[in-house]
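Each chain, written out:
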Amino acid sequence: MTIAQILVFSIFALLLGTLTPPRWRGWLLLGGSVLAIYWLQASTPIRNLDFWFPTTSIALTVFVWAVTRKGESEHKDRSTLITGFVIIGLILVLGLTRYIEPTCCLTPTRPPAITSLLIYVGVAAAAILVFVRLIPDRRILSYAAIILIIAIFVVLKSNNLTLTTSAWLRLRTGQPADLALINDLPWLGFSYLAFRLLHVLRDYQSGKLPAYSLSEFVTYAIFFPTIIAGPIDRSQRFVGDLRKTTAEIEPVSRLGKIKMYAQSDQLLDGSWRITWGLFKKFVLADGLALMAINSRNVGQVEHSLWLWVLLYAYALRLYFDFSGYTDIALGLGRLMGFRLPENFKR
């Protein structure tokens, strides 16, 4: 995340946690998280891949929800349909931004043609419905989903498989395959998404998974403060906070006709964690990066003491970078009423 993105997310979280009526918070969290994964996705040298990665993350999340969901009433079926239309509508609107001039787009590069996007969404939706309807034993589907997630994870983490996949994707998009590199597939937050989905699938198989609406599940899986660097939360704890946040409550204070729903300690805690995280990431971590161990610095060192300094500067840079992003995520969540788990308590 850049400082500009953190600022936008902080304003969004502040408004959602203080001025937004509870009944709208769930929808705004869902919509904000869907838009955020497209905005945060890094650009890729493979054409349109920075759009297909977030779209596939959403499709995979919906598939896991369909596999693990419990029986729904007519009211919940209607809510699921509305949520599906909202998600698809947001994706199509993002796709249509390719035709907006001169400003385009929320994604790093121009989205794919709308016909390709419609085909992808249609095929993904049809595939999910076919698998869920034609295979009545959803435990089999849950194991298939686990295998699929682990297979994608292995491809992204194996240099040889990454190169092969990149070369194949380049050929599919009319690009030279011999230019394939191991960093061609920067799928935003897939590791964190994979662990969340695997946790849900294992809880489903052991009979410990509660019933979630589609909106709750998608918000949990791609919650925008945690998609980049975690922390990874259990679905039961997160959805508990989400339901408290979106429950109708009496306002704790009034400012004219504006109802204030957040407690002052919530705002102070969230603001402090974001500020502390910014200091750790952009002052400490980025400052240490200037002297951290690398081939150029090592080549200029003449004493072993300085090698140790460079080595520990590198280690601390990694720590403050990761810890800083986590503090920012915790602060954003706190502004919206979520108490995300601590990653660096000890």
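Definitions and limits used
- Residues numbered from 1 in each chain as written.
- Predicted model: local features only at pLDDT ≥ 70, side-chain atom pairs only at ≥ 80, totals over all residues.
- Heavy atoms only, no water.
- Helix = DSSP H or I, 4+ residues; strand = E, 2+ residues; numbered from the N terminus.
- Rg over C-alpha atoms; globule rule 2.2 N^0.38 Å.
- Buried < 20%, exposed > 50% of the residue type's maximum accessible area, 1.4 Å probe, protein only.
- Contact = heavy atoms within 4.5 Å.
- Lys, Arg positive; Asp, Glu negative; His and termini not counted.
- Charge placed at Lys NZ, Arg CZ, Asp CG, Glu CD.
- Axes fitted to C-alpha atoms, helices over the stretch in contact; angles between N-to-C directions.
- Parallel < 35°, antiparallel > 145°, perpendicular 65-115°, else oblique.
- Phe/Tyr/Trp six-rings, centres within 6.5 Å; stacked < 30°, edge-to-face > 60°.
- Lys NZ or Arg CZ within 6 Å of the ring centre and 35° of its normal.
- Salt bridge = Lys/Arg side-chain N within 4 Å of Asp/Glu carboxyl O.
- Patch = residues over 30% accessible without salt bridge, like charges linked within 9 Å, V, L, I, M, F, W, Y side chains within 5 Å.
- Areas by Shrake-Rupley, 256 points an atom, 1.4 Å probe, with all protein chains shown as cover.
- Core = buried A, V, L, I, M, F, W, Y, C linked by side-chain atoms within 4.5 Å.
- Expected span 1.5 Å × (residues − 1).
- Arc of directions from axis to C-beta.

### Section: the overall build of the chain
- Per the secondary structure count, the chain includes 13 helices and two strands.
- Its C-alpha atoms give the chain a radius of gyration of 22 Å, within 12% of the compact-globule value 20 Å for 346 residues.
- Here the C-alpha coordinates of the chain stretch approximately 75 × 55 × 50 Å along the principal axes.
- In the chain, which comprises 346 residues, the share counted as buried stands at 45%.
- Put simply, 73% of the contacts in the chain that link residues at least 6 apart link residues at least 24 apart.
- Taking the average location of the 34 positive side-chain charges in the chain and that of its 21 negative ones, the two points are 3 Å from each other.

### Some thoughts on the packing of helix H6 (residues 138-157) against helix H7 (residues 159-172)
- At a closest axis distance of 5 Å, the pairing of H6 and H7 adopts a crossing angle of 95°. Accordingly, the angle class assigned to the pair H6 and H7 is roughly perpendicular. On the side of H6, the interface is formed by Val-154, Val-155, Leu-156 and Lys-157, while H7 contributes Asn-159, Leu-161, Thr-162 and Thr-165.

### Observations concerning the packing of aromatic side chains
- Across all of its chains, the model carries 20 aromatic pairs by this definition.
- Where Phe-12 meets Phe-224, the ring centres are 5.7 Å apart and the plane angle is 70°; that geometry is what we call edge-to-face. Here Phe-12, found in helix H1 (residues 3-18), pairs with Phe-224, found in the loop between helix H9 (214-221) and helix H10 (235-246); they are 212 residues apart in sequence, far enough to count as distant.
- Owing to a relative accessible area of 26%, Phe-12 belongs among the partly exposed residues under this scheme.
- With relative accessibility at 1%, the residue Phe-224 sits in the buried group.
- For the ring pair Phe-223 and Phe-338, a centre distance of 5.0 Å and an interplane angle of 50° mean the geometry is tilted. Note that Phe-223 is positioned in the loop between H9 and H10 and Phe-338 in the segment after helix H13 (304-335), a separation of 115 residues in sequence.
- Classification of Phe-223 by relative accessible area gives buried; the value is 1%.
- Among the residues examined, Phe-338 registers a relative accessible area of 0% and is labelled buried.
- The residue whose ring lies beneath Arg-98 is Tyr-99, and the NZ or CZ to ring-centre distance is 5.3 Å.
- Seen from the ring of Phe-282, Lys-281 lies directly overhead, with NZ or CZ sitting 4.8 Å from the centre.

### Brief notes about the pattern of salt bridges
- Throughout the structure, instances matching the rule amount to eleven salt bridges.
- Among the ionic pairs, Arg-234 bridges to Asp-203, the shortest N-O distance being 3.1 Å. One end of the pair, Arg-234, is in the loop between H9 and H10; the other, Asp-203, is in helix H8 (residues 190-205), with 31 residues separating them in the sequence.
- Two residues, Asp-327 and Lys-280, come together in a salt bridge whose shortest N-O distance is 2.6 Å. Within this pair, whereas Asp-327 is found in helix H13, its partner Lys-280 is found in helix H11 (residues 264-289), the two being separated by 47 residues in sequence. With respect to burial, Asp-327 and Lys-280 carry one shared label: buried.
- Where salt bridges share partners, they join Arg-273, Lys-280, Asp-327 and Glu-342 into one cluster.

### Section: a nonpolar patch on the surface
- A cluster of nonpolar residues, Ile-293, Val-298, Leu-307, Trp-308, Leu-311, Tyr-312, Tyr-314 and Leu-318, forms a patch on the protein surface that exposes about 730 Å² of accessible area.
- It is H13 that provides the largest number of residues to the nonpolar patch, a total of six residues.
- Relative to the helices and strands, Tyr-314 resides in helix H13.
- Using a relative accessible area of 35% as the deciding quantity, one classes Tyr-314 as partly exposed.

### Some thoughts on the nonpolar core
- With 75 residues, the main nonpolar core has Ile-58 and Ile-149 as its most contacted residues.
- Among the elements that take part in this core, helix H3 (residues 49-68) stands out by supplying twelve residues, more than any other.

### A look at H6
- Relative to the 28 Å expected for 20 residues at 1.5 Å per residue, H6 spans 28 Å between its end C-alpha atoms, a close match to the ideal helical length.
- Residues of H6 that are buried include every one of Leu-141, Ser-142, Ala-145, Ile-146, Ile-149 and Ile-152, and no others. Taken around the axis of H6, the buried residues stretch over an arc of 145°, which confines them to a single face. Opposite the buried face of H6, by more than 90 degrees, sit the exposed residues Ile-140 and Ile-147.
- Check the buried side of H6 and you find it contacts H3, helix H5 (114-134) and H8.

### Considering unusual backbone geometry
- Omega for the bond connecting Gly-230 with Pro-231 falls within 30 degrees of zero, at 5°, which places this linkage in the cis form.
- Despite not being glycine, Asn-48 shows a phi value in the positive range, around 70°.

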